[in-house]
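Geometric and topological summary
Listed below are the residues making up each chain.
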Amino acid sequence: MPSYPQAFLDSPSSALFKFFPLPENEPLPIPPPHFDYPFTIPDDWYQGALDYRVPVTIATVYAVTAKLLNKYNLSNGKKPWAISKTAPFRLFVVLHNVFLAVYSAWTFWGMFTALRASIESPMGPNGLAGTVDSFCKFHGPGGFGNGVAFNGPQGKWETLGNGYLTSEGTPSRVDAGRLWNEGLAFYGWIFYLSKFYEVLDTFIILAKGKLSSTLQTYHHAGAMMCMWAGIRFMSVPIWMFVFVNSGIHAMMYTYYTVTAFNIRVPTAIKRTLTTLQITQFLIGASYAMVHSFVYYTVPVKVAVPKPAAAVASSVAAAATDAASVGGVLGSLKSMVFGAAQAANANAIVSSNTAAAGAAQELMYQTQYQTVPCITSSGSTFAIWLNVLYLAPLTYLFVSFFIASYVKRSNAEAGRAHKQKKLDGADRRLSNAMMNAEKAGWDAAKGVEKEIYNQGGESAVVDDDDEANGKSYAQAVRSRPTRSTSRK
């Protein structure tokens, strides 16, 4: 039994892994508090939008429509639609980017405020375990061990500390200090809805006569389902997708807005944006997955037997008190009712005293109990749905990196061989590092183009550079002053 707060990794319970958790076995998503937010979300709207039929229907309609419009553009020779050449369309594209940039920044700041108010520092008195507790239990009042979590196998909410449950056995909607009430319930739900709006990106591209790649359709439809699962089942790591993705989108849509006005954006900013877009896939999947293996210890009050010496002392004291009280009562009873009644009174006092002595043989002390970070099959389902969704994107990045690196390494091998006598070990190491870096940028460019399908109008390289077969490095060297715009 651990005697101090600690966090560690262990294998998860197999009971938490289900293909699709039945709604009747999982708690309903808890709407946000009706205070400290710009507006109030009606409870029936909140829970209604999280019905599984909503994202499934919208994702299906989106995917089918995108595929049909792809066929139309192909049959039309990839000619831009007439509407795409109008001033209202161009104005809409600018306003669309401005809206998403401002909204994403608003969400990012809201989540930052929520995290600052609820996450305990690992430098605090409870160390890493305190930080893990504040991330893993985002219902209930603040304070180490006071979180409230849904116990999936037992089908009920429970708390080990001073957490409060309502008369319905659910967490309170007015408790402060935990991530859900502090902002995730509010900003996360709106962020989930924003994934439906973001599909307009695809239709803007289609209106320009371009094609929507299968991976882009998968990206948007999958994001709807993953955000739905994370908020519907109140899954612990979903905060990261809301926080990080909104921050990256704030910068990305700001970039698109600026380039729409033909303002040059430095190449370093383009590189950074592309790197951040891809990094969120790699880190997000790893971060979500590890939650299933995280455990930590929290303090709980438990009843334990008193030490033998303390029990003996308590019994002796109780016996002395009983004799004293019994003697006084006995004298009074003898005077009033006679000796028989006095004896009965003494027996009752002795019996009560013995019972009191027995009750005093228990004492309460603080012990540390091990709890898992993830406690329900719904939360587990949401985690691994996100991991599986991000897996193809991660695989694509690795594939592009390997292909780019091998191709570049082979091209450089001949030149390196000729200069081998002149180049020292440091020079060869430097060339290898440069090749790896360039391969990474090319891989990021490839993934971004596949996902966002900019038709080459990505944050990395222009479409005519692609058509001419130029590499990333060649494009940057030959056209260092030209900026590109997605829209």
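Bear in mind the structure is a predicted one, so any value in this text is a computation, not a measurement. (Residues numbered from 1 in each chain as written. Predicted model: local features only at pLDDT ≥ 70, side-chain atom pairs only at ≥ 80, totals over all residues. Heavy atoms only, no water.)

1. Structural notes on a nonpolar patch on the surface
A contiguous nonpolar patch, built from Phe19, Phe20, Tyr52 and Val56 and spanning about 450 Å² of accessible area, is present on the exposed surface. As for its position among the elements, Tyr52 is in the loop between α1 (43–49) and α2 (53–75). We classify Tyr52 as partly exposed; its relative accessible area is 43%. (Patch = residues over 30% accessible without salt bridge, like charges linked within 9 Å, V, L, I, M, F, W, Y side chains within 5 Å. Areas by Shrake-Rupley, 256 points an atom, 1.4 Å probe, with all protein chains shown as cover. Salt bridge = Lys/Arg side-chain N within 4 Å of Asp/Glu carboxyl O. Helix = DSSP H or I, 4+ residues; strand = E, 2+ residues; numbered from the N terminus. Buried < 20%, exposed > 50% of the residue type's maximum accessible area, 1.4 Å probe, protein only.)

2. Quick notes on the pairing of strand β2 (residues 148–151)
Alternating residues of β2 divide into Val148 and Phe150 and Ala149 and Asn151, and every residue in both groups is buried. Summarising the sheet, β2 and strand β3 (residues 156–159) pair through four bridges and their orientation is antiparallel. Counted as the bridge partner of Phe150 is Trp157 from β3. Between the antiparallel neighbours β2 and β3 lie four residues, among them Gly155 with a positive phi of about 70°. (Pairing = 2+ DSSP bridges.)

3. Some words on the nonpolar core
Soluble globular proteins tend to pack their nonpolar side chains together in the buried interior. Core analysis: the largest hydrophobic core is formed by 74 residues, its most contacted members being Tyr46, Trp180, Leu184, Trp189, Tyr192, Met227 and Trp239. Per element, the largest residue contribution to this core is eleven residues, and it comes from helix α5 (residues 179–197). If you look at the next biggest cluster of nonpolar residues, it comprises eight residues, including Ala101, Tyr253, Tyr256 and Val265. (Core = buried A, V, L, I, M, F, W, Y, C linked by side-chain atoms within 4.5 Å.)

4. Some details on the packing of helix α3 (residues 87–118) against helix α6 (residues 200–207)
Where α3 contacts α6, the axes come no closer than 12 Å and their chain directions differ by 155°. One element, α3, and the other, α6, form an angle in the roughly antiparallel class. Crossing geometry of α3 relative to α6 is assigned as left-handed. Of α6, the residues touching α3 (which contributes Phe89, Phe92, Val93, His96 and Leu100) are Leu200, Asp201, Ile204 and Ala207. For the contact of α3 with α6, the class distribution of residues is seven nonpolar, one polar and one charged. (Axes fitted to C-alpha atoms, helices over the stretch in contact; angles between N-to-C directions. Parallel < 35°, antiparallel > 145°, perpendicular 65-115°, else oblique. Left-handed = near helix turned anticlockwise from the far one by under 90°. Contact = heavy atoms within 4.5 Å. Nonpolar A, V, L, I, M, F, W, Y, C, P; charged D, E, K, R; others polar.)

5. Re the pattern of salt bridges
Considering all chains together, one arrives at four salt bridges under this definition. The closest approach of N and O atoms between Arg173 and Asp43, which form a salt bridge, is 2.8 Å. On the criterion of sequence distance, the pair formed by Arg173 in the loop between β3 and α5 and Asp43 in helix α1 is long-range, its members being 130 residues apart. Ionic pairing is found between Arg178 and Asp133, a salt bridge with its closest N-O pair at 3.0 Å. Here Asp133 lies in helix α4 (residues 127–136) and Arg178 lies in the loop between β3 and α5, a separation of 45 residues in the sequence. Each member of the pair, Arg178 as well as Asp133, is classed as buried.

6. A few points about the UniProt feature "transmembrane region" (unreviewed entry) in the protein
Under the UniProt annotation, the feature "transmembrane region" (unreviewed entry) is placed at residues 52–70, 91–112, 186–206, 218–244, 281–298 and 381–406. Between the end C-alpha atoms of residues 91–112 the distance is 31 Å, and the span holds 100% helix and 0% strand. Helix and strand shares over residues 218–244 are 81% and 0% respectively, and the end C-alpha atoms of the span are 20 Å apart. (UniProt positions renumbered as here; feature names shortened; annotations may be inferred.)

7. With respect to α4
Here α4 lies mainly inside the structure; nine of its ten residues are buried. Among the residues of α4, Gly127, Ala129, Gly130, Thr131, Val132, Asp133, Ser134, Phe135 and Cys136 are the ones counted as buried.

8. Examining the packing of α3 against α5
Between α3 and α5, whose axes approach to 9 Å, the crossing angle comes to 160°. Between α3 and α5, the interaxial angle falls into the category roughly antiparallel. α3 and α5 meet at a crossing whose hand is left-handed. Judged by residue contacts, His96, Phe99, Leu100, Tyr103, Trp106, Thr107, Gly110, Met111, Ala114, Leu115, Ala117 and Ser118 of α3 engage Leu179, Glu182, Gly183, Leu184, Phe186, Tyr187, Ile190, Phe191, Ser194 and Tyr197 from α5.

9. A word on the packing of aromatic side chains
Under the counting rule described, the total for this entry stands at 27 aromatic pairs. Plain terms: the ring middles of Tyr192 and Phe196 are 5.2 Å apart, the flat faces sit at 70° to each other, and that makes the pair edge-to-face. Placement of both Tyr192 and Phe196 in helix α5 is noted, with a separation of four residues, approximately one turn of the helix. Given a relative accessible area of 0%, Tyr192 falls into the buried group. Accessibility expressed as a relative area gives 14% for Phe196, which makes it buried. (Phe/Tyr/Trp six-rings, centres within 6.5 Å; stacked < 30°, edge-to-face > 60°.)

10. Quick word on helix α9 (residues 267–290)
Look at α9: 35 Å from first C-alpha to last across 24 residues, which is about the 34 Å you get at 1.5 Å a residue. A maximum bend of about 25° is found in α9 at Thr279. By the burial criterion, the buried members of α9 are Lys270, Leu273, Thr274, Gln277, Ile278, Gln280, Phe281, Gly284, Ala285 and Ala288. (Expected span 1.5 Å × (residues − 1). Bend = angle between axes of the 7 residues up to and from the residue.)

11. So, the side chain of Asn181
Counting through the fold element by element, Asn181 comes out in helix α5. Assessed through its relative accessible area of 9%, Asn181 is described here as buried. A distance of 3.2 Å separates the side chain of Asn181 from the backbone oxygen of Ser172, its partner in a polar contact. Those residues within four positions of Asn181 in sequence are excluded, and the remaining contacts are Pro33, Tyr37, Phe138, Ser172, Arg173, Val174 and Asp175. (Polar contact = N/O pair within 3.5 Å; in protein donor to acceptor, adjacent residues only side chain to side chain.)

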